Structures are given as structure tokens and as C-alpha cells.
Amino acid sequence: MRKFWCLFFMFWPIAAIVYSAMSPAYGWWFPGDSVTELGQRIDNLFYLILIIITVVFIGTQMALGYALWKAAHNEDEKAHFSHGSHNLEVIWSVAPAVILLFLALYQMDVWRDFRVKAYFPEGTIETPIAEVTARQFEWRIRYPAPGKKLQPKPQPDDLYAVNELRAPIGRAVMIQLRSEDVQHAFFLPHLRIKQDAIPGQIIPIWFKAEKKGIYELLCAELCGWGHYKMRAQLTVEREVEFQDYLKKLQTDQNYDGFPTSDSVAKKEE
Amino acid sequence: MSVRWQSLIAVMLAGLLAGCGGDASKARFAENSALAKQLLPKARKAVQKTLDEHFGAPLDSVAWLKLPVNYGKAEGTVKSVDGLKLSVEFNKEASDVDGLTSPELARAGLLFTSGVSAGKQVLLAKFDPKTNVFEALQTLDSPPAKDDTFVAAGHFLRHGRKLYARHCQHCHGVSGDGDGTTAKYLNPRPRDYRLGVFKFTSTGSFPAPIKATRDDLKRVIALGIPGTYMPSFVPMLKENELTAIIEYVRWLAMRGEIEKGLITELKGEYSRDRSKDEGIDKSLETYLGEAYPNFVNEIAGEVGEKWSGAEEEGTAITPKKPRTQDTAESRHRGKELFLGNKAKCVNCHGPAGRGNGPMTEDFQKNPTTNEVYAERGLFDVWDQPIKPRDLTRGIYRGGRRPIDIYRRIYVGIKGTPMPGNSQALSEDEIWDLVNYALSVPYDSQAPKLPKPHSVAEYSTEHGHAN
């Protein structure tokens, strides 16, 4: 029976490790490699932490198993009451503190590059590509007219879209995030970006997508009963395509029932 | 103490036995009780019976072929028959193949178009979309043979209901009455489809309002209505899902209109206050037995025609001239119209376009009943208080394209006091108004018109600034 309990308590950590090791094969993992370089660095941080905690986990569980197993076969020695060991206390306080301090320092440059405005890639702050406004329950997007700068206040020639954000590939771009009502969170899982949208604040987010594609844009903060409806998409495309898209938006938005020179015989939808 | 515990347990057990919402399969569409209560109880029942017969219940809907609803049909051929099981192959060219793979076909019927069962309908109990095997509800008298062709109808309605229940119902209500569970928290209220009136359409309003087209409804679902709680449902919903929802909404709207039509007709002779009249029961019975069935068909035909009429070529209002160039002069002309007596925009929208014109402070008359509303301000046909748009905010519920604004001015906004101006204003005048309306939010940035010299310009207050 003693052995049973040893095995019982050893079974669960092993099951947890096997389960975690299997996860990527079953798709219970990141949605593919990050399409941004910064996202890969965030992933690297994640993996570093994962390795540290795996080593600590396996180490402590093995120690626990060993202690159980050994004690199960130890008929001679009796357990004794102790008021604790000062040395042990110091070790298990200082060791995690060192690890945490290391992580806090080690991640700083990633955090700085992601969040600190002064370190945003050159040109992103001056020319945000769009303003994304979250509202219950959709994402409203405002682009500046082609060749113009996005102003904090709406301009007559601004271009509007809903639930479809587009960005050029291979260029660091910034968007301004706002919320019209409650707290939302702008979540691009493929780009490893998650940022709360807070009413009354304009929060800049930058990214540089390196791979063409259509990625999910979700709300990651329970914002009301229609939270699930906030499923939009980010389309990453070539610079030319992006500019063409803006021009198309412009043509559509100026549509007065007559084909213009740049839209040949666009029929009324 | 123990007694209290026992009663608590008893209550909990009773709750468990009764369930939470009753039996969902017995769910019914809510009655338009505000209208129906004006009828004699027997007449009220007759209306309910008619609706049940032709529309069924939410979970057991009936595709009334008299209505111009695309119920979704899929053609196919029988591959083999094994007792109740029919293995079939669908015609891939069928235009409605989308959604076919959904198990929604399960409760639809198969109508055979060739072979011994030609013209007969087989009701289905099950459909396995993976193997394309149908299971008939009961033994077939004359079983179809291999290579018989059939049409399966109704899957859009069922697919649409499921999607509607998931995404729309909590605001718009099971029967489309705009009174779902979240509706009371919303301002403006969600649309009540039962009048068959939709605000933002491409279709005209003169001489009589034309219904919304499928594309109009699709545009609203795809783009949402900024300034209201209607969100955009694209890209979450795919093309075939939009189609199914739109058909379901149209179907609900027609149901509501037919309900209203029937009640209005019966109210003439068989209103509640006539319950004491001699021989009223007898008279109602005769009416229900003789003229009523015809009337049901007639009104369904009428309602159906209006909806199919909207889909006809040329119902969309399109300007005859392109937009006037957006110059300071054009805006100025627009502003003069806005403030003037010809377009009368200022009466509701106010001198600065803030939606605070004198009409919003006055008591208005209900155009249908001719009664004066108890409260100040404007009301829509759903009897909800409504505010004229504040044009300075730059939020355009029906879309911000020039053509959208043009249509709002030309057609008006159906169901609201915003009138159509197709008769009062010329094409050029409407475009001037469009240019002005679109410039209101940016008024301070607008290029200034060269001012004619005037006395005021030389007053000390302004100095000689020019």
C-alpha cells in the first residue's frame, strides 16, 4: 500500500508532462509560428520560462518521489518534529527570487520594444496607418486618405471599414487603439499581440508582419453578452495591394451611383 | 428549522422537475397581442390558427410557397432505396449547394419530380450529410426507384432559424418583434420586423414605400449600423449564412405583416367590443368558413407581391446626375436649402444640424391615428420616441457614401418622420444638401466663402480682419 501511494503521487506529474509534450501535435499550442519577429522573441521568452519551470517541476517532483519512496522503506527511523531550518528557508527564498529577478531583467528589452514609445521603430509613431475603435460588438477602423497622415480627429477624407484591418507586409506599422464604450482587448494571436482597449485612452500598438495572410483579430476581454461577435480579421498583404485597398475604399466611399474614372463601370451592388 | 429545510428541498426538486424554460419543442411565435386583444376571442383564435398552419412554430417552421422567400432547394437523384433509407446524390450544379451539407435538411420534405412517386412529397426524419442518406418518416406507399429525381426544400429556413436564434434573437425576439431579452436595455430599440418596414433601404418611397431588398438587409448585417447596437456580423458569418438569415428575417417580416393584415381585417366586424352583439358568433363562423380562407390567400399575395416587387430591376434609387463637385459654393447652397422653407431640414435637425430643431420640442400628431402624442418630440411608426440625427457627429447610420446620403434625402427614412424629398427638391439641390450634410462635422475647417462687403464687416468688433 505504501508503494501504491508513491506510485500514485508520481503518476500525476508524469501524466502532466506527457500531456504537455503531446499538446503541440494536437494543435493545443500557439497558432503556428509568430508572423512578427517581436512575436518570436515573445515566444522565446515563453519557452525560456517553460524550460525553467519544467526543470524545477521535474526536479521537485523527483525529490518528492525519492523522499516518499525512501521513507516507505525506512522502518528504523522515526519522523521527528522540527521548527524548520534557517538555511533551507534562505535557499528556497533566494533561489526563486534570483530566477524571477533574472526573468524580470532578461525580458526588459522585449517589453521595451513592444511598449515603450521611444523605442518604436522609426516612422511608426509619426504615421499610424489606422485608428481601431472597439465598440460593443465590433471593430471600427479609420484609415487616413492615401498620401495623408492620420489625424487624432476624424477628417472629411478619412476612410472607414468595419471588422477588417489591413496592413502591409514587411513594414513596421502602428495603429491607434481606442474604445467607444467598455474595456475590450485587441488580440492578434498569430502576431502575439494582446492589448486592452480602454475608454478615454488612445493606445498605440505597432507590429511588423513578415508573412502574408489573413489572421484572426479577436476581443480578449469579456465585454458583454456579444463578446463572441467581435471576430474580425487582419489581412497582411503587399504594400501595393494595401495601397490599392485604400484606393478601393476611397472609391467605394465616394460612390455616388456613377462609375468614376478609377472604377470602371462599377455596378450598383 | 427542519420544516424550512424540507420546504427548500421541495422547491428545488420541483424546479428540477419543471426544468428551466419549459419544453423548447413546444415554443411558439409570440402573438402580436397589442393588436390581437382587440378581437373577439374566437376571431383571435382563428388568426392564430392561420399563422400556425402557414408558418408553424420556431422549431417546426412551415415553408409557405405562396411567399417570395427563397426557402432553399436542392435537386438530386436517388441512388438506392433500402426500406426507409434513401441514398441520394445531389445535383452539384444546384445554385443552393451551400448549406446543403448542413443537417438542416433533416426535417425538410423531398418532392419527387420523376418516377412512380412524381409529384409526391416524402417527409424525412433524418439526414446524414456525410453519406447523403435520408431516412423517411414513414413507410412509402410507392417507393421511389433508382434514378428518380427530387427537390429538397426548406433548408434555408431551418439553417436561418438556428443562426437567427444564435445571433439575432436576443435583441430582435423570437418572432422578430424587436422585444428580445436584451431589447429593453437598448436605445434605440432593436427593429420590430412585423411592420415589414426597414429604415435604410436603396428602394424608393414615392408614391408608396417599397420594401427593403435582400441586398439592403445584407448591407446592414455586413456593415452594422454605427450609432446603434447593431454590430457588423462579417467576417464571422459566411455568405451562405447571411443568405439563410436574410431569408429567415424576410419570412418573419412577412409573417408579422400578414398577422397584422388579418387582425385589421377581422377587427372591422369582429372587434372585442361587439362580443355582446346578437348573432355575432354565427356571423363570425360563416365568415371564417366562407370568405376568410380567400382573404388569407389574398393578403399573403399582397404582402408577397410587395416583397418580390422590391427585388425587381430598377427599384433602387439612383441619381440621374453625378454628385455636384463638393465646393464651398455647393455647400453654401446646401446650407441655404437646409435652413430654408423648401427642404425644411432645420425644423427637425436644428439650425446647426445638432438634431434639436423646433419640431423636437413640440407635440406631434400620430399620422395613423391622428392623435397627439402625450410627450413632446418625434415618434416613429413603432411608437418609439426618435431623435433627428445630430449631423455634427459624423455618424451615418445608413452609410456615409454620397449615394447613401442622397437616398436618405430623396427617399426619406422609412418608418420615421424623415420625409422623402424626391418631389420637393431637384437633383442638383439634393446633391448640394449632400455636400452640406457631409461637411457639417468639419464646419470649422470649411473653406470660407468670399464674403460680400457689408456693414458688419467694418464694425469695431471684428476690426478690419479679412
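My aim in this report is to walk through the structure given alongside it, one point at a time. From a predicted model like this one, the values you see are computed outputs, not experimental measurements. (Residues numbered from 1 in each chain as written. Chains lettered and ligands numbered in written order. Predicted model: local features only at pLDDT ≥ 70, side-chain atom pairs only at ≥ 80, totals over all residues. Heavy atoms only, no water.)

Some words on the sheet that holds strand 9 (residues 213-219) of chain A
All names here are of chain A. Defined as follows: For two strands to count as paired, DSSP must find a minimum of two bridges between them. A run of H or I in DSSP becomes a helix once it reaches four residues, and a run of E becomes a strand once it reaches two; helices and strands are each numbered from the N terminus. To get an axis, fit a line to the C-alpha atoms, keeping to the stretch in contact for a helix; angles then go from 0 to 180 degrees between the N-to-C directions. Residue contacts follow a heavy-atom distance rule, with two residues in contact if any of their heavy atoms lie within 4.5 Å.
If you walk across this open sheet you meet the five strands as 4-10-9-6-7, and the pairing is mixed. Each edge of the open sheet carries a strand with a single partner, namely strand 4 (164-168) and strand 7 (193-197). Going across the sheet, the axis of each strand differs from the next one's by a mean of 20 degrees, ignoring polarity. As paired strands, strand 6 (residues 184-188) and strand 7 are joined by five bridges and run antiparallel to one another. Counterpart to Phe-186 in the pairing with strand 7 is Gln-195. On top of the sheet, helix 5 (residues 239-253) reaches strand 4 and strand 10 (231-237); it is set at about 140 degrees to strand 4, its chief contact.

Topic: a nonpolar patch on the surface
All names here are of chain A. Short version of the rule: To count toward a patch, a residue needs a relative accessible area above 30% and no salt bridge. Like charges then connect within 9 Å, nonpolar side chains (Val, Leu, Ile, Met, Phe, Trp, Tyr) within 5 Å. Here the open area of atoms and residues is found with the Shrake-Rupley method and a 1.4 Å probe, where only the protein chains shown may cover a residue. We count a salt bridge whenever a side-chain nitrogen from Lys or Arg sits within 4 Å of a carboxyl oxygen from Asp or Glu.
On the surface, a nonpolar cluster with roughly 950 Å² of combined accessible area is contributed by Met-1, Phe-4, Trp-5, Phe-8, Phe-9, Phe-11, Trp-12, Leu-64 and Leu-68. For the nonpolar patch, the secondary structure elements donating two or more residues are helix 1 (2-22) and helix 2 (37-72). A total of six residues in the nonpolar patch trace back to one element, the largest contributor, which is helix 1. Within the fold, Phe-11 resides in helix 1.

Side note on the nonpolar core
Threshold: Put simply, buried Ala, Val, Leu, Ile, Met, Phe, Trp, Tyr and Cys residues joined by side-chain atoms within 4.5 Å make one nonpolar core. Only protein chains enter the accessibility calculation, which uses a 1.4 Å probe; a residue whose area is less than 20% of its type maximum is buried, one above 50% is exposed, and one in between is partly exposed.
Counting residues in each nonpolar core, the largest one holds 53 residues, and the members touching the most others are Leu-67, Trp-251, Ile-258 and Leu-266 of chain B. Taken together, the elements giving at least two residues each to this core come down to helix 3 (41-55), helix 4 (155-167), helix 6 (214-223), helix 7 (239-270), helix 8 (280-289) and helix 9 (291-310) of chain B. Considering each element in turn, this core owes the most residues, 15 residues, to helix 7 of chain B. With residues near it in sequence (within four places) discarded, Leu-266 of chain B still touches Leu-39, Ala-43, Val-47, Ser-271, Leu-284, Tyr-287 and Tyr-292 of chain B. Listed in part, the 45 residues of the second largest apolar core include Trp-139, Val-173, Met-174 and Phe-207 of chain A.

Notes on the sheet that holds strand 2 (residues 138-143) of chain A
Residues and elements named next belong to chain A. Read across the open sheet, the five strands follow the order 3-2-1-5-8; overall the sheet is mixed. Each of the sheet's edge strands pairs with one partner strand only, and the pair in question is strand 3 (159-162) and strand 8 (203-207). Across the sheet, the axes of successive neighbouring strands diverge by a mean angle of 25 degrees, strand direction being ignored. Of the strand pairs in this sheet, strand 1 (residues 130-135) and strand 2 are connected by five bridges, and their pairing is antiparallel. Looking at strand 2, one finds that Val-132 is bridged to Ile-141.

Details of the interface of chain B and chain A
Just so we agree on the cut-off: Reported buried area values correspond to the accessible surface (1.4 Å probe) lost by two parts on association, with both partners' losses combined. For this analysis, a polar contact is any N or O atom pair within 3.5 Å, provided that within protein one partner can donate a hydrogen and the other can accept it, and provided that sequence-adjacent residues contribute only side-chain to side-chain pairs. Lys, Arg, Asp and Glu make up the charged group, whereas Ala, Val, Leu, Ile, Met, Phe, Trp, Tyr, Cys and Pro make up the nonpolar group; the residues left over, Gly among them, are polar.
On the side of chain A, 26 residues touch chain B, which itself brings 35 residues to the contact. Here chain B and chain A share an interface that buries about 2,500 Å² over both sides, 57% of which is from carbon and sulfur atoms. Counting across the chain B and chain A interface gives zero salt bridges. Scanning the region where chain B abuts chain A turns up 13 residue pairs in polar contact (both at pLDDT 80 or more). Contributing elements (two or more residues each) for the side of chain B that touches chain A: helix 4, helix 5 (169-172), helix 6 and helix 12 (402-411) of chain B. Broken down by element, the side of chain B that touches chain A gets its largest block of residues, four residues, from helix 6 of chain B. When its residues are assigned to classes, the side of chain B that touches chain A shows 18 nonpolar, eight polar and nine charged.

Concerning unusual backbone geometry
Residue and element names in this part refer to chain B. Cis geometry is found at the peptide bond from Asn-187 to Pro-188, where omega equals 5 degrees. Structurally, the position occupied by Pro-188 is in the loop between helix 5 and helix 6. Across the junction of Val-234 and Pro-235, the peptide omega takes the value 10 degrees, indicating a cis bond. Tracing the chain through its elements places Pro-235 in the loop between helix 6 and helix 7. One non-glycine residue, Asp-147, lies in the positive phi region at around 75 degrees. Along the polypeptide, Asp-147 turns up in the loop between strand 7 (133-136) and strand 8 (149-153). Phi is positive for Asn-370, close to 65 degrees, though the residue is something other than glycine. Tracing the chain through its elements places Asn-370 in the loop between strand 9 (363-365) and strand 10 (372-376).

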